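Commentary on secondary and tertiary structure
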Amino acid sequence: MNVWEARWFRAFHVLYYTCLALGLMLSLGEDAGPGPLTLGFLALMAGWHGFFVVRRPHLLGRLNPMAVHLAVICAFYIALVGRDRSFDVVIFGLMPQPYLMLAAPWSYVGAVATVLSTFAARGYLDEPTAFWKLLGSSGLVVAIGLFVDYVSRQSAQNRAVGVLEERARLAREIHDTLAQGLSGIITQLEAAEQAMPDLPAVQKRIALAKELARDNLQEARRSVDALRPGPLADARLDAALTEVAGRWSRTSRVTATVSVEGTSRSLSGEVGTTLLRAAQEGLSNAAKHARASRVAITLTYMNQEVTLDVYDDGQGFDPAVRGTGYGLAAMRERAASVGGTLTVESAPGEGTALCLRIPSS
């Protein structure tokens, strides 16, 4: 039983005992008040439910013994209402119990049996129209049960979809932090290996690799804590882009510039994260695949949207050819999650331009 189900079950139990307490209060308000036998039936009804239902949640949904427990509780209810009509109100706590105690389709049978016990307790079975009233009441409780079952299934499906979306988001976060950082570290170590036996060059590459490792470790910790990019924690987006581009330029030895157009303004956390991740992915692709000598990042603030353009003068590629990398697919998924779009313009030998557009209001 998950936490969500446990809370619902607890709510049904609270409703049951609240209705018993309310019936007792109504009975105490009468001139005669509840008699000893009435109080005995009330205690038995409360104790039976507590001992055989509340304390045994692992048995909920099993036909045996829950059908027996429901029948006993309904019998106590008939006896209780037969002695004091103040306890009619208990039916509001009793009616949900079949759906709590029994699995479909037996829960619907239990609901109809509960309605039948209500008619028996109130003496309606001897009336000429009893059959039609019973039929209508039974149809109502079954319809309510079907609706509740539908809502429960939809809720379960929504939770499953939410889990899949969260997994996809975590996959993007891992790709945008750990994978990119590890790729940069490998690049620096390979460059150090190629620079041997030039000790100063080797030391410089190792120092850059260590810097990347520290930054990546810090970013991973921040992502675990809040799944929010580290550079955005204490800076505006334009400053964060400048920091990321500067660090990338030092490690890749390729010039990356950042320019801002329009009036800078605060953006929501998800929008800022998406734009920063897109810039990081563009820089990563330029380093790994494009063989570019220059990368230009442009952040543009407009009235209704904000755009990010990442251009490199590298070797380019054919966007129509499906690649094996995760980067562009992750960028499109992230953009779509905030209502944005990603366009890619590239051709072999003509560089690559990424444009991310996101509504900002």
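Residues numbered from 1 in each chain as written. Predicted model: local features only at pLDDT ≥ 70, side-chain atom pairs only at ≥ 80, totals over all residues. Heavy atoms only, no water.

A few words on helix 9 (residues 237-252). Between its first and last C-alpha, helix 9 extends 22 Å over 16 residues, near the 22 Å set by a 1.5 Å rise per residue. Considered for burial, the residues of helix 9 that qualify are L237, D238, A240, L241, V244, A245, R247, W248, S249 and T251. (Helix = DSSP H or I, 4+ residues; strand = E, 2+ residues; numbered from the N terminus. Expected span 1.5 Å × (residues − 1). Buried < 20%, exposed > 50% of the residue type's maximum accessible area, 1.4 Å probe, protein only.)

Time to look at the confidence of the model for the protein. In low-pLDDT segments, the atomic positions of the prediction should not be examined closely. Within the protein, residue pLDDT values average 81, and 85% of them lie at 70 or more. Looking over the protein, one finds the lowest element-wise mean pLDDT in helix 7 (residues 130-195), namely 73, and the highest in strand 2 (residues 294-301), namely 91. (pLDDT = per-residue confidence, 0-100.)

Evaluation of the coordinates by the stated rule reveals three salt bridges. As a salt-bridge pair, E305 and R357 come within 2.7 Å of each other at their nearest N and O atoms. Separated by 52 residues along the polypeptide, E305 in strand 3 (residues 305-312) and R357 in strand 5 (residues 352-359) bring together distant segments of the chain. Residue E305 is classed as partly exposed on the basis of its relative accessible area of 22%. (Salt bridge = Lys/Arg side-chain N within 4 Å of Asp/Glu carboxyl O.)

Take the side chain of T307 next. Residue placement: T307 occurs in strand 3. Ignoring sequence-local partners within four residues, the contact set of T307 consists of T298, L299, T300, M302, L356 and R357. (Contact = heavy atoms within 4.5 Å.)

So, about the pairing of strand 2. When you tally the buried positions in strand 2, you get seven out of eight residues, the bulk of the element. Pairing of strand 1 (residues 255-261) with strand 2 involves seven bridges; the strand directions are parallel. Across the sheet, V258 pairs through a bridge with I297, a residue of strand 2. Of the strand pairs in this sheet, strand 2 and strand 3 are connected by seven bridges, and their pairing is antiparallel. Considered in strand 3, the bridge of T300 is made with T307. Joining the antiparallel neighbours strand 2 and strand 3 is a turn of three residues. (Pairing = 2+ DSSP bridges.)

With that settled, the discussion passes to the packing of aromatic side chains. What the rule picks out here adds up to six aromatic pairs. Geometrically, the ring pair formed by Y99 and Y108 is edge-to-face, given 5.8 Å between the ring centres and 70° between the ring planes. Owing to a relative accessible area of 25%, Y99 belongs among the partly exposed residues under this scheme. Residue classification places Y108 among the buried residues on the basis of a relative accessible area of 14%. Joined through ring pairs, the aromatic side chains of W48, F51, F52 and F76 make up one cluster. We note R56 situated over the ring of F51; from NZ or CZ to the ring centre the distance is 4.4 Å. (Phe/Tyr/Trp six-rings, centres within 6.5 Å; stacked < 30°, edge-to-face > 60°. Lys NZ or Arg CZ within 6 Å of the ring centre and 35° of its normal.)

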